[in-house]
Amino acid sequence: MTDNAGKPVAVRKDKDGDITHVKFKNRDRMTPVDQAVNMTKQGKTDGIRVNKTGGGKEYVQDIPDASKKDNLANLPEK
Ligand SMILES: [Ca+2]
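Residues numbered from 1 in each chain as written. Predicted model: local features only at pLDDT ≥ 70, side-chain atom pairs only at ≥ 80, totals over all residues.

- Naming follows an unreviewed UniProt entry, where the protein appears as DUF3892 domain-containing protein of Sulfitobacter brevis.

Listed below in structure tokens is the structure:
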């Protein structure tokens, strides 16, 4: 298992459409968002960054780039 999880390739959402899990390229299983936040802070993911809601809850979001196809909102749900 490589130390870097790579880019997100799929997501899981709750009934409100909020992302609860992210599947990374170099990981076999879905990663809960709070864990994805920690991995991203440690520089172990690609293509995403940590942001905070007005309520202070941390989440991951896309680092804007040329492609929208790979954005979290456009990834397949698993
Ligand atoms: Ca993108």
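**A few points about the overall build of the protein**
Working step 1: Along the backbone of the protein there are 1 helix and 5 strands.
Working step 2: Of the regular secondary structure in the protein, the N- to C-terminal order runs β-β-β-α-β-β.
Working step 3: Relative to the globule expectation of 12 Å for 78 residues, the C-alpha radius of gyration of the protein, 12 Å, shows essentially globular dimensions.
Working step 4: Taken over the C-alpha atoms alone, the protein extends approximately 35 × 25 × 25 Å along its principal axes.
Working step 5: Here the protein holds 78 residues, and 18% of them are scored as buried.
Working step 6: Taking all contacts inside the protein whose residues are at least 6 apart in sequence as the whole, residues at least 24 apart take part in 32%. (Helix = DSSP H or I, 4+ residues; strand = E, 2+ residues; numbered from the N terminus. Rg over C-alpha atoms; globule rule 2.2 N^0.38 Å. Buried ≥ 20, exposed ≤ 12 C-beta atoms within 10 Å, placed from the backbone. Contact = placed C-beta atoms within 7 Å.)

**Overview of helix H1 (residues 33-41)**
Working step 1: Buried within H1 are the following residues: Ala 36, Val 37, Met 39 and Thr 40. Looking straight down H1, one finds its buried side chains confined to an arc of 165°; they lie on one side.
Working step 2: In this structure, the buried residues of H1 make contact with strand S2 (19-24), strand S3 (30-32), strand S4 (48-52) and strand S5 (58-62).
Working step 3: Gly 43 sits one or two residues past H1 and shows a positive phi near 75°. (Arc of directions from axis to C-beta.)

**What to know about the nonpolar core**
Working step 1: Counting 9 residues, the largest nonpolar core is built from Ala 5, Val 11, Val 22, Phe 24, Ala 36, Val 37, Met 39, Ile 48 and Val 60.
Working step 2: Elements with a minimum of two residues in this core: S2 and H1.
Working step 3: Excluding residues within four positions of it along the chain, Ile 48 makes contact with Pro 8, Thr 40, Val 60, Gln 61, Asp 62 and Ile 63. (Core = buried A, V, L, I, M, F, W, Y, C linked by C-beta atoms within 7 Å.)

**Quick notes on the pairing of strand S1 (residues 8-13)**
Working step 1: Pairing of S1 with S2 involves 5 bridges; the strand directions are antiparallel. In the strand pairing of S2, Val 11 is matched with Val 22.
Working step 2: Counting the residues between successive antiparallel strands, the hairpin from S1 to S2 contains 5 residues, one of them, Gly 17, with a positive phi of roughly 85°. (Pairing = 2+ DSSP bridges.)

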